[in-house]
Amino acid sequence: PSLVSPPPLPTPPATPELRAPPPSVAPSALRGEERAFSDAGAVVSGQITADEDDVESFPVEGSMVGCLIGRGGLRVRELASISGCSQIRYDTEAGLMSAKGTSAQRAEANRMMKIWLLEMDEEVVPMAVEVHGVVIGARGCKVQEIEAESGAKIRFERTGPAPSMIVTGSTEQRKIAIAMAMASAQNSFVGEEEVPLGVVDTATARALIGIKGAQVRSMETSSGARIRFALDNGRAGNNTMTLRGNQEQRDAARTMIEGMLVQLRIEDRHSLVNLDIRALVGPGGVVVRGLEKQSGASISVVPDDPPYVSIRGDRKNRTRAWELIQGVFTAGQESLYEIPLGLRRVVIGINGSNVKGVEEATGARVTMFWDDDKAKARIAGTDEQRNAAWEEITKWVSSDECLLAQTVSEDTAIELMRHRAKRIRDVEGRTATSISVMRNQSGECVLDAEGRAQITIRGVGESRAEAAAMIQTVETQSPSTYVLSEILGVESCSILDVRRLIGRKGATVAHVEKECGATISFDPTPPPTMTIMGSHAARDRVLAMIKADFAAIDEEVLPLGQDKHGSLIGVGGRTIKRLERDSGAQVSFRLTPEAAMVVRGTAEQRASAMAFAKNILENDGAEPMIMLIERRHFGLLIGKEGRVVRDVEKESGARIQVLTESNFEEVARLGLDANALFKSGNGDREQAVVVIKGSEQEREVAKGLVLLAIDAQATDRIPVTHAQREYLWASNSQRVREIEQAHSVQLRAIKPTEGMVDASGLEVNTVIEIRGRGTNRVQASEMLMQVLGEDEEIREMVGVDFPLLAVRLVIGARGQKVKQMEVDSGARIRFETGEPVSIVVRGSPEARLKAWALIAEAQAEAEEETFALKESKHYLLIGRGGEGVRKIE
């Protein structure tokens, strides 16, 4: 039935407690069902349907429901309170607002809803999209506050040509909401401004920024603004700072920086005359940076004449910095201690924690540095501080207190040592420990009575237990062995399948190990197997990657007569290696059931290999180009490890074979007189044959490159003294061979032209001629000049009862020990066994210093023991030609 509307009531005042829903929240009466936004006003229909339960339903436009409900249902509860209805709710499916109560109560509720809805209107406020977030606030807190205070409802329109904020409510509510939103945007909107700083010198800039930006971060935290400096090394007019934040934040940051600049322009200078500046700076500036961190001041050491230190900051920080600087010079001397290289992690700790701990406990300063052989600890401080710090470090590296013994299975020990002990290095790096697996002289694990390997773990604090737990995890990850054909789902696997899974130089399997965190090994013995060591998840990942990789591989067969196989294989397999390297495919040849070339790989790899092979076969039918070169040019053309000839092939596209007397029959098959080529009248072999295959253009390009590589005119000549020549060709021309092998050149000594003098005006009696390609000659010349610039140092062996015996101990069996010393030091070591016995070391100052240290270490290791033996027995021990004593040694 129709309901006659009673006369309207006066507009109720806006209630602060009424809340409108934020744009991202779905409001509801008591349940929270529907979001209430609209583009126009709303009306409540006068059509009311009554039911027997005293419930009447009023159709309400969905966009206006939120205005009637209010935030958290406050408005609808107010409506129920004023009208007296026991329940008012909204049915989202029917789009009806239901009121439950007496007829008068329901009529009052209907009248109130009409009044409220007639008051509602929308106002569109243009607002940039970037300002929306400022008004909304974190998680909508700002817009919720505005809606709660104003009673209006706010939503945002982000699309279209004019982004805006849409406010729904009464005139007063809209006015309040818009005013609050605009104030919030003005106060909170992030702006950016650039502020000139004038002249800022380097020291002031460093203090302004702070150690690793600490000062800037502190000012940013205090002000809330972001600060960026653009400083131009003290030049006027080019120093600025950029402040980003709201106006209040930018003002606060500007005030802080201006005040700090006033303080930093005050400088204290203190003379450093007769003081060790290096002690104040420290290795890499570590000492002065530590003082800056402790004092909060900026410290600059100026090595002028006279030297001085500049300190900037506030008065308190400047005073503290100078006190600390004085403490550095009065703290005492430094002590240098050697530490085994493998134990440096133990001393340093994770992120330097152990070193920092000992510095805090003792007051000393500890600096660790190392080279390829040994680690060293530089400890600075008073005698008491240095002794306390070294005592603590000594405990870490040598006492049983920091040592943990553990046993593991032999398989686990082998797994830990695989790939150059990769697993051990990983555990050591993550726990700051040093781990050793006990092995005998042959390198095998030492097993106890139970067949378990011995492992020792050295570390500080809980690091030993952490390392032991990680090793235990490795042991619980027992290896799993799989037959390749079964996991790949094929009838059988060949060695080609294993090669493919391993990849060129192990690259494929190394990638899988890295991605999956497991270790993988293959056994090609039929049937081929794969062993995986790792967690269950790691093993599953390995299997998945192996299957996916194998699934992408297919096989293609190219029928090819056996007589063509050699063309694709090349001398020493060089052609087939190049084919596989360039295409990425794997290539093999078979004779049954029909002669063919078998190519395995992805579709792209197979296509590339096939194209390469067909090109070789097409050009193979053409007449090859034959070149004869002097046998002494063979090394120039081949180069170190074949680099030169590979470069020629790569640049020309041709295939090149260099045949010598060892390829006698192959030269004969080319139709050449091998006897005439390789043997002259006096029996010396003089020539080599260069065979060039490819297209006509490729052959011509290759020919030019070959001639360039062996060009007799392409030489560099360096004058040397007689003594330098003797040094180069001493010890079976060892230094000459090193230069030749390193840079693919040839060196020979020739007579100089008459009247030739060196840079100092002395007459030259020998010239070293370097022959090879341009870049190789340049590099060889540099290496030669470096060798010639090495100095020689001679020391007599003193304090030794049997110097010749001491020399033999230093040299080692077959010279192995002294050769290793030369490799480790970079110097050359020889012995003069006259009277007195002397050691001669030649090399750079650093190399000589290291060589003398190694020699001293070798001498210190050897001890002497004498026992009585009749002279008649001496010869029994010596044996024929010294064979007996050499065998004993």
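Residues numbered from 1 in each chain as written. Predicted model: local features only at pLDDT ≥ 70, side-chain atom pairs only at ≥ 80, totals over all residues. Heavy atoms only, no water.

S.K.: In this structure, what is going on with the sheet that holds strand S13 (residues 308–312)? I would like to understand it.
M.R.: Strand pairing in a sheet is mediated by backbone hydrogen bonds. Such pairs are either parallel or antiparallel. Strand order in this open sheet of three strands is S11-S13-S12, and the pairing throughout is antiparallel. In this open sheet, the two edge strands, each paired with only one partner strand, are strand S11 (267–271) and strand S12 (298–302). In this sheet, neighbouring strand axes are inclined to one another by 20 degrees on average, regardless of whether the strands run parallel or antiparallel. The pairing of S12 with S13 spans five bridges and is antiparallel. Bridge assignment links Val-302 to a residue of S13, and that residue is Tyr-308. Contacting S11, S12 and S13, helix H12 (residues 315–330) crosses the sheet at an angle of about 150 degrees to S13. (Pairing = 2+ DSSP bridges. Helix = DSSP H or I, 4+ residues; strand = E, 2+ residues; numbered from the N terminus. Axes fitted to C-alpha atoms, helices over the stretch in contact; angles between N-to-C directions. Contact = heavy atoms within 4.5 Å.)

S.K.: Would you mind showing me how to read a nonpolar patch on the surface here?
M.R.: Together, Phe-867, Leu-869, Leu-877 and Ile-888 make up an exposed nonpolar region whose accessible area comes to about 420 Å². Structurally, the position occupied by Ile-888 is in helix H37 (residues 883–888). Take Ile-888: its relative accessible area is 60%, and that puts it in the exposed class. (Patch = residues over 30% accessible without salt bridge, like charges linked within 9 Å, V, L, I, M, F, W, Y side chains within 5 Å. Areas by Shrake-Rupley, 256 points an atom, 1.4 Å probe, with all protein chains shown as cover. Salt bridge = Lys/Arg side-chain N within 4 Å of Asp/Glu carboxyl O. Buried < 20%, exposed > 50% of the residue type's maximum accessible area, 1.4 Å probe, protein only.)

S.K.: Explanation requested: unusual backbone geometry in the structure shown.
M.R.: Trans peptide bonds make up the majority, and among non-glycine residues the majority have a negative phi. Here the residue pair Pro-526 and Pro-527 is connected by a cis peptide bond, since its omega of -10 degrees sits within 30 degrees of zero. Look at the link from Thr-592 to Pro-593: it is a cis peptide, with omega at -5 degrees. Here Pro-593 lies in the loop between strand S24 (586–590) and strand S25 (596–601). Positive phi, normally seen in glycine, also occurs at Ala-432, with a value near 60 degrees. You can see Ala-432 is positioned in the loop between helix H16 (410–431) and strand S18 (434–437).

S.K.: Where do I start with the pattern of salt bridges in this structure?
M.R.: Here the idea is simple: oppositely charged side chains can pair when their charged atoms come close. A full pass over the atoms with the stated rule returns 26 salt bridges. Of the charged contacts, one joins Glu-56 and Arg-106 as a salt bridge, the two residues approaching to 2.5 Å between their closest N and O atoms. Of this pair, Glu-56 sits in strand S2 (residues 55–59) while Arg-106 sits in helix H3 (residues 103–119), placing them 50 residues apart in sequence. For Glu-56, a relative accessible area of 8% puts it in the buried group. Note that Arg-717 and Glu-769 form a salt bridge whose closest N and O atoms lie 3.1 Å from each other. Within this pair, whereas Arg-717 is found in strand S29 (residues 715–720), its partner Glu-769 is found in strand S31 (residues 766–771), the two being separated by 52 residues in sequence. Classification of Arg-717 by relative accessible area gives exposed; the value is 51%. It is possible to trace a salt-bridge network through shared partners that takes in Glu-193, Arg-250, Asp-251 and Arg-254.

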